[in-house]
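What follows is the residue order along each chain.
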Amino acid sequence: MSTLLDGKATSNQIKEELTEQVAELTSAGKRPPHLAAVLVGNDGASLTYVGSKVRSCQKIGFESTLIQLDDTITQDELLATIDKLNKDNSLDGFIVQLPLPKHINEEVVLDAINPKKDVDGFHPTNFGKMALGMETFIPATPFGIMELLKRYALDISGKHAVVIGRSHIVGRPMSILLSNKGNPGNATVTLTHSRTQNLAEITKEADIVVSALGVPNFLTADMVKEGAIIIDVGITRVADEQHPKGYVIVGDVHFEEVSKKASYITPVPGGVGPMTIAMLLQNTMLAYTRNAS
Ligand code: GUN
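Residues numbered from 1 in each chain as written. Predicted model: local features only at pLDDT ≥ 70, side-chain atom pairs only at ≥ 80, totals over all residues. Heavy atoms only, no water.

*Asks:* Explain the packing of aromatic side chains residue by residue, including any values.
*Replies:* Each aromatic ring pair is characterised by the separation of its centres together with the angle its planes make. Evaluated as defined, the whole model comprises zero aromatic pairs. Residue placement shows Arg290 over the ring face of Phe137; its charged tip is 4.7 Å from the ring centre. (Phe/Tyr/Trp six-rings, centres within 6.5 Å; stacked < 30°, edge-to-face > 60°. Lys NZ or Arg CZ within 6 Å of the ring centre and 35° of its normal.)

Structure below.
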C-alpha cells in the first residue's frame, strides 16, 4: 500500500505560512499583496478554478480582483486590459486564465504580460529563465509538484522520471524542473506525448511518473513499476447523475489499482490541484517582495 501525498494538507500549511507573512506586513503598516485574475468567457471548469484562486486570496489576507470578460471580446480589447494591469501599481501580479477563446492568440496575450507581474510564469522570458535554472516565477502546477516532493523529502536525484504530456502549462515545464540541478531535481527525464510509441514500456521503467494527460483512469497498474512515485495531474469532469453537481472529478491514474503498487501517490481530488493554488499565492508574495525592493 502506498503513502498518500496529501496536497490538501500541504497547501493548507503553505497558506498558513503566507497568512502569517501577510499579518507581519500589515502590522508593519504595509499593504497586503494583490493578485488579479482575468477570465474570458464562461467555461465551467475555468470559472471554478478562478473562483477558488480568488477565495484563497481572501482567506489568507491578500487583496484580489476578478476581471470577467465576455467571450466575444476582441484580442485588442484583451490586450488593452493587460496593458492597464501591467501599469497598475496597486497590483503585484495577475494571471489570464487559459484556455482562451479560439479567436484570441494565446501566444500574443501571454507575451503582452509584464514578466515582473507574470505570477503564472508563462511569459517566454520567465519560461526561458526557468529552463536556465535562473530565479523567476515557476508555473504553479509543476511548482506545486516540486514543493510536494520537497516537503515529503522524496529524493529523486538520479532517478528516472517519466512525464506524460508536453503542455506548456504542466508537462514541458515539469520535465525541465525535474532535470534541473537542485533538490528536488537531478532526475533523468523522459518526456512522453501523443506520438510516443510503446508508452507502457517506458512508464514501467519509471521511478516517478507525472501524468498530465487528461484521460480518466489512463494509467493502470500494469503500466507502473512496484514502488514508483505517482503524481496525477488529471482533473477531468466525468458526468455522474448521482452527484449533486452532475459530475465527478477523475484523475489520469487508476487510483484503486495503482495505489497498491506505488510507494507514494497523489489523490484526485486533494493532490496536485490544491498545490497549484498555494504556489500561485506564493508566487504573488514573491512578486510583492521583489517589486517592493
Ligand atoms: N488553465 C489551467 N491551468 C492554468 C494555470 O495554472 N494558469 C492559468 N492562467 N490558466 C490555467
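So much for the structure itself; the text now carries on.
*Asks:* How would you explain the site of the ligand if you had to name every residue and give the values?
*Replies:* Around the ligand sit Lys53, Val96, Gln97, Leu98, Asp120 and Phe122, and those are all the residues in its vicinity. Note that a nitrogen atom of the ligand is positioned 2.9 Å from one of the backbone N or O atoms of Val96. Interatomic distance of 2.9 Å between a backbone N/O atom of Leu98 and a nitrogen atom of the ligand. For the ligand, the protein covers 84% of the area, taking 280 Å² as the surface of the free molecule. Class assignment of the residues belonging to the shell around the ligand gives a composition of three nonpolar, one polar and two charged. (Near = heavy atom within 4 Å. Polar contact = N/O pair within 3.5 Å; in protein donor to acceptor, adjacent residues only side chain to side chain. Areas by Shrake-Rupley, 256 points an atom, 1.4 Å probe, with all protein chains shown as cover. Nonpolar A, V, L, I, M, F, W, Y, C, P; charged D, E, K, R; others polar.)

*Asks:* Which residues make up the sheet that holds strand β8 (residues 229–232), and what values go with them?
*Replies:* Strand order in the open sheet formed by six strands is β1-β11-β8-β7-β5-β6, and the pairing between neighbours is parallel. Of all the strands in the sheet, the pair left with one neighbour each is β1 (3–4) and β6 (188–192). Inspection of the sheet shows strand β5 (residues 160–164) paired to β6 by five bridges, in the parallel sense. If you follow His160 over to β6, its bridge partner there is Thr188. (Pairing = 2+ DSSP bridges. Helix = DSSP H or I, 4+ residues; strand = E, 2+ residues; numbered from the N terminus.)

*Asks:* Describe the nonpolar core, with residues and values.
*Replies:* Within the largest apolar cluster, 49 residues are counted, with the highest numbers of intra-cluster contacts made by Leu149, Leu178, Val210 and Ile231. If one sorts the elements of this core by residue count, helix α10 (residues 272–292) sits on top with ten residues. In this structure Leu149 touches Leu154, Ile156, Leu178, Pro184, Ile208, Ile229 and Ile231, once residues within four positions along its chain are discounted. In terms of nonpolar packing, the next biggest core, distinct from the first, is built from 19 residues, Leu69, Leu78, Val96 and Leu110 among them. (Core = buried A, V, L, I, M, F, W, Y, C linked by side-chain atoms within 4.5 Å. Buried < 20%, exposed > 50% of the residue type's maximum accessible area, 1.4 Å probe, protein only. Contact = heavy atoms within 4.5 Å.)

*Asks:* Please provide a residue-by-residue account of the packing of helix α5 (residues 124–131) against helix α7 (residues 171–179), values included.
*Replies:* For the pair α5 and α7, the least separation of the axes is 9 Å and the interaxial angle reads 30°. With respect to their mutual orientation, α5 and α7 come out roughly parallel. Every residue of α7 that contacts α5 at Phe127, Met130 and Ala131 is listed here: Arg172, Pro173, Ile176 and Leu177. For the contact of α5 with α7, the class distribution of residues is six nonpolar, no polar and one charged. (Axes fitted to C-alpha atoms, helices over the stretch in contact; angles between N-to-C directions. Parallel < 35°, antiparallel > 145°, perpendicular 65-115°, else oblique.)

*Asks:* Hey, could you go over the pairing of strand β3 (residues 63–69) for me, with residue numbers and the actual values?
*Replies:* Alignment of strand β2 (residues 34–40) against β3, held across seven bridges, turns out to be parallel. In the sheet register, Val40 faces β3, and the bridge partner there is Leu69. The β-α-β motif built from β2, the intervening helix α2 (residues 44–60) and the parallel element β3 has right-handed crossover chirality. (Right-handed = clockwise from strand over helix to strand, strands pointing away.)

*Asks:* Before we move on, can you summarise the pattern of salt bridges with the specific residues and values?
*Replies:* Oppositely charged side chains may form a pair once their charged atoms are brought near each other. Throughout the structure, instances matching the rule amount to seven salt bridges. Put simply, Arg151 and Glu17 hold a salt bridge, and the shortest N to O gap is 2.9 Å. Residue Arg151 is located in helix α6 (residues 140–151), and its partner Glu17 is located in helix α1 (residues 7–27); the two are separated by 134 residues in the primary sequence. According to the relative accessible area criterion, Glu17 is partly exposed, its value standing at 29%. Glu201 serves as the salt-bridge partner of Lys204, at 3.6 Å between the closest nitrogen and oxygen. The exposure class of Lys204 is partly exposed, given its relative accessible area of 34%. Judged by relative accessible area, which is 48%, Glu201 ranks as partly exposed. (Salt bridge = Lys/Arg side-chain N within 4 Å of Asp/Glu carboxyl O.)

*Asks:* Any details on α1? Residues and values, ideally.
*Replies:* In this model, α1 (21 residues) spans 30 Å end to end at C-alpha, consistent with the 30 Å of a helix rising 1.5 Å per residue. Those residues of α1 that sit buried are Gly7, Thr10, Ser11, Ile14, Lys15, Leu18, Val22 and Leu25. Buried residues of α1, seen end-on, are gathered within an arc of 135° and therefore sit on one face of the element. Away from the buried face of α1 by more than 90 degrees, exposed residues Glu16, Glu20, Glu24 and Ser27 are located. The secondary structure elements touched by the buried residues of α1 are α2, α6 and α10. Among the residues of α1, the N-terminal cap falls to Asp6, whose side-chain oxygen and the backbone nitrogen of Lys8 are separated by 3.1 Å. Where α1 terminates, the next one or two residues include Gly29, which has phi positive at roughly 85°. (Expected span 1.5 Å × (residues − 1). Arc of directions from axis to C-beta.)

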